[in-house]
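Now for the letters of each chain:
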Amino acid sequence: MPLDLPPPLNSAVLLAVLAAALSLLATPARAQLPGADVGERPDPAMVCHVGVYRLDDGGWIDVAPLPERGLRWRRLDGSTGRMTVDADGHWISTLGSTRRIEGPQPQLGACDQGRITFDGHPGARIALDVRETTFTSPDGTRLNGRLILPPGDGPVPIMVEVHGSEGANALDFNAFQRFAPASGVGVFVYAKRGSGGSEGSYTQDFHLLAEDAAAAVIEARRLAGDRAGRIGLHGGSQGGWVAPLAASLTPVDFVTVGFGLAYGPLSEDADQVQLDLKGKGWGPEVLAQARAITDVTGAFIASHGAVGFADLEAVRARYRAEPWVADIKGEFTGFLLNTPNDAIIAMAPRLDIGTPWSYDPLPVLTALDTPMLWIQAAEDLGAPPEATRARLIALSAQGRPITLLEFPDTDHGIIRYETAPDGTRTMLGYAPGYYQAVLDWALAGRLSGTYGAGQVLARAP
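Bear in mind that the values here come from a model prediction, so they are computed numbers and not experimental data. (Residues numbered from 1 in each chain as written. Predicted model: local features only at pLDDT ≥ 70, side-chain atom pairs only at ≥ 80, totals over all residues. Heavy atoms only, no water.)

Visitor: Give me the sheet that holds strand β12 (residues 186-190): which residues, what numbers.
Guide: What holds strands together in a sheet is hydrogen bonding between their backbones, with the strands either parallel or antiparallel. With mixed pairing, the 9 strands of this open sheet are ordered in space as β9-β10-β12-β11-β13-β14-β15-β16-β19. With one partner strand each, in any of the chains shown, β9 (129-136) and β19 (455-458) form the two edges of the open sheet. Strand-to-strand twist of the sheet, defined as the mean angle between neighbouring strand axes without regard to direction, takes the value 25 degrees. One ladder, built from 6 bridges, connects strand β11 (residues 156-162) with strand β13 (residues 228-236); its direction is parallel. The residue of β13 that forms the bridge with V160 is L233. Helix α5 (residues 239-247) contacts β11, β13, β14 (254-258) and β15 (372-377) of the sheet and is inclined by roughly 145 degrees relative to β13. Each of β15, β16 (402-407) and β19 touches helix α12 (residues 386-397); the most contacted strand, β16, lies at about 145 degrees to it. (Pairing = 2+ DSSP bridges. Helix = DSSP H or I, 4+ residues; strand = E, 2+ residues; numbered from the N terminus. Axes fitted to C-alpha atoms, helices over the stretch in contact; angles between N-to-C directions. Contact = heavy atoms within 4.5 Å.)

Visitor: Describe the pairing of β16, and please don't skip the residues or the numbers.
Guide: Burial analysis of β16 places 6 of its 6 residues in the buried class, which makes it a mostly covered element. Residues I402, L404 and E406 point to one face of β16 and T403, L405 and F407 to the other, with burial holding for every one of them. Each parallel crossover has a hand, and the one from β15 via α12 to β16 is right-handed. (Buried < 20%, exposed > 50% of the residue type's maximum accessible area, 1.4 Å probe, protein only. Right-handed = clockwise from strand over helix to strand, strands pointing away.)

Visitor: Can you explain the environment of I344? Please cite residues and give values.
Guide: Counting through the fold element by element, I344 comes out in helix α10 (residues 341-351). For I344 and A214, which are 130 residues apart along the polypeptide, the C-alpha to C-alpha distance reads 35 Å. With residues up to four places along the chain from it excluded, the contact list for I344 reads F300, F309, R316, F335, L336 and T339.

Visitor: Please give an account of the packing of helix α7 (residues 284-302) against helix α8 (residues 310-319) that cites residues and values.
Guide: Where α7 contacts α8, the axes come no closer than 9 Å and their chain directions differ by 155 degrees. With respect to each other, α7 and α8 are oriented roughly antiparallel. Along this stretch, α7 crosses α8, giving a crossing that reads as left-handed. Of the residues in α8, those in contact with Q289, A292, I293, V296, T297 and F300 of α7 are D311, L312, V315 and Y319. Looking at side-chain class alone, the contact of α7 with α8 contains 7 nonpolar, 2 polar and 1 charged residues. (Parallel < 35°, antiparallel > 145°, perpendicular 65-115°, else oblique. Left-handed = near helix turned anticlockwise from the far one by under 90°. Nonpolar A, V, L, I, M, F, W, Y, C, P; charged D, E, K, R; others polar.)

Visitor: How would you explain the pattern of salt bridges if you had to name every residue and give the values?
Guide: This structure, assessed with the given rule, holds 15 salt bridges. Between D129 and R227 there is a salt bridge; the shortest N-O distance is 3.7 Å. Of this pair, D129 sits in strand β9 while R227 sits in the loop between α4 (206-224) and β13, and the two are 98 residues apart along the sequence. Residue classification places D129 among the partly exposed positions, given a relative accessible area of 23%. Across the pair E132 and R146 runs a salt bridge whose closest N-O atoms are separated by 2.8 Å. (Salt bridge = Lys/Arg side-chain N within 4 Å of Asp/Glu carboxyl O.)

Visitor: Can you break down the environment of Y263 residue by residue, with the values?
Guide: Position of Y263 among the secondary structure elements: in the loop between β14 and α6 (265-279). On the accessibility criterion, Y263 (6% relative accessible area) is buried. With near-sequence residues (within four places) excluded, Y263 lies in contact with W241, E268, D271, P361, P384, A387, T388 and R391. At 3.0 Å, the side chain of Y263 and the backbone oxygen of P384 are in polar contact. (Polar contact = N/O pair within 3.5 Å; in protein donor to acceptor, adjacent residues only side chain to side chain.)

Visitor: Which residues make up the packing of aromatic side chains, and what are the values?
Guide: Across all of its chains, the model carries 15 aromatic pairs by this definition. Seen in terms of ring centroids, F206 and Y359 are 5.6 Å apart; in terms of plane orientation they differ by 80 degrees. Their pairing is edge-to-face. Of this pair, F206 sits in helix α4 while Y359 sits in the loop between α10 and α11 (362-367), and the two are 153 residues apart along the sequence. Since its relative accessible area comes to 0%, F206 is described here as buried. With relative accessibility at 11%, the residue Y359 sits in the buried group. Three or more aromatic residues joined by ring pairs form one cluster here, namely W60, F176, F179, Y430, Y434 and Y435. (Phe/Tyr/Trp six-rings, centres within 6.5 Å; stacked < 30°, edge-to-face > 60°.)

Visitor: Give me the lowdown on the state of the cysteines, citing residues and values where you can.
Guide: Following the criterion strictly, the structure yields 1 disulfide and no others. Across the disulfide from C48 sits C111; the S-S distance is 1.8 Å. You can see C48 sitting in the loop between α1 (14-26) and β1 (51-55) and its partner C111 sitting in the loop between β6 (107-108) and β7 (115-118), a full 63 residues away along the chain. Its relative accessible area of 38% is what places C111 among the partly exposed residues. (Disulfide = S-S within 2.5 Å.)

Visitor: Lay out α5 in plain terms, naming residues and giving numbers.
Guide: Where burial is concerned, most of α5 is hidden: 9 out of the 9 residues are buried. Looking only at α5, the buried set comprises G239, G240, W241, V242, A243, P244, L245, A246 and A247.

Visitor: Pulling in residues and values, what's your account of the sheet that holds β1?
Guide: Spatially, 8 strands are ordered β5-β4-β3-β2-β1-β8-β7-β6 in an open sheet, and the strand pairing comes out antiparallel. With partners counted over all chains shown, the strands left at the sheet margins are β5 (91-95) and β6, one partner each. Pairing of strand β3 (residues 71-75) with strand β4 (residues 80-85) involves 4 bridges; the strand directions are antiparallel. Bridging from a neighbouring strand, L71 pairs with M83 of β4.

Visitor: Summarise the environment of A216; cite the residues concerned and give the values.
Guide: When you line up the elements, A216 lands in helix α4. The exposure class of A216 is buried, given its relative accessible area of 0%. Sequence separation between A216 and T294 is 78 residues; the distance between their C-alpha atoms is 37 Å. Discounting residues that sit within four places of it in the chain, A216 has contacts with F135, V160, F188 and Y190.

Structure representation (structure tokens):
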């Protein structure tokens, strides 16, 4: 999906890391893997416009930076567009991530004005209560953070933002840090280790990342002081593994998971392979054979290659001539089937980023008493929802404090999309009701009313 930052990313980034490792072999001067802070920065010419603006109708519009030329606007209803300036100095907005000049055409004032006009409504940038900080994770790593509170002096709920697999600096690209405070919800955001000046190296070690998130909760509560009301964790994608784990380490009032998984990383690859093949029209016999392949590739990855190449060579030899093998991608299976062993061996030292491939979140979800809201995309290609849906509904029926909200016709990130003839999906916007559900859970710990086309599939007792 051609999404820009801050995009909803796939819950694991091994495939990107593997692909980059191939190029690293050819260009050793490149020192960092994707997922590390690879240098994305907001366009300096655009930073002065970043902020959330209150319109004269009482609503807000958020203006976010992109890591290249341009900005992105968002509204509470999920509508969004990408903004650039034409040769005459007028702002042009293209729908979602398309290139079509369509929908509202916001116009920003000069940098020092803090003004916007949206769909005929003038607006001014909201002055939020922003507090910068540095805090320390239990292993001694120092992380850069920021607390953003709504205007005023009373207590407010606070969401601690837990990262997905991205390596870009959340202090630059997290959008909730502006529009949640504009809606009465404070946000604590921090640069994950290895990005944005935070110490350490990029990792996908969920346990280490959970310790960072738990330390962020403690720092947010300290920094907010008397303004701290309900405090909880909000994580998307890979954050769906990390946020509940962090909630098991420090007391919080709520957890919100967006487009995450209630099963482990190995199952994610296997389910993605199934989706790859179903999308190409292959039937049950092929799907069963593919499951045998992912059993082998999963064991190889989980052991970090210690099980050796014998089983991998065997499945390559057995299925190499099958026409459907070319349609397999997944997180890593397609790569392992199509990459020579010597290349895998050569790049192996660069590929171990701490991912706990055998991790199963079920023990944490079963034991956690914190109210949890899970928000799923029904057509999620990055985090296939079927197994997660079944597990969460079962846990809720057993009395666990889990509410599940699912949005039909949406992909990873709860995005609405259009599909090209070749199957490529392009973002049109976020699902109406998605942002409001996140805010309501932080404000009150419950869902009330309707949230667009969202369907409540399980509700905490």
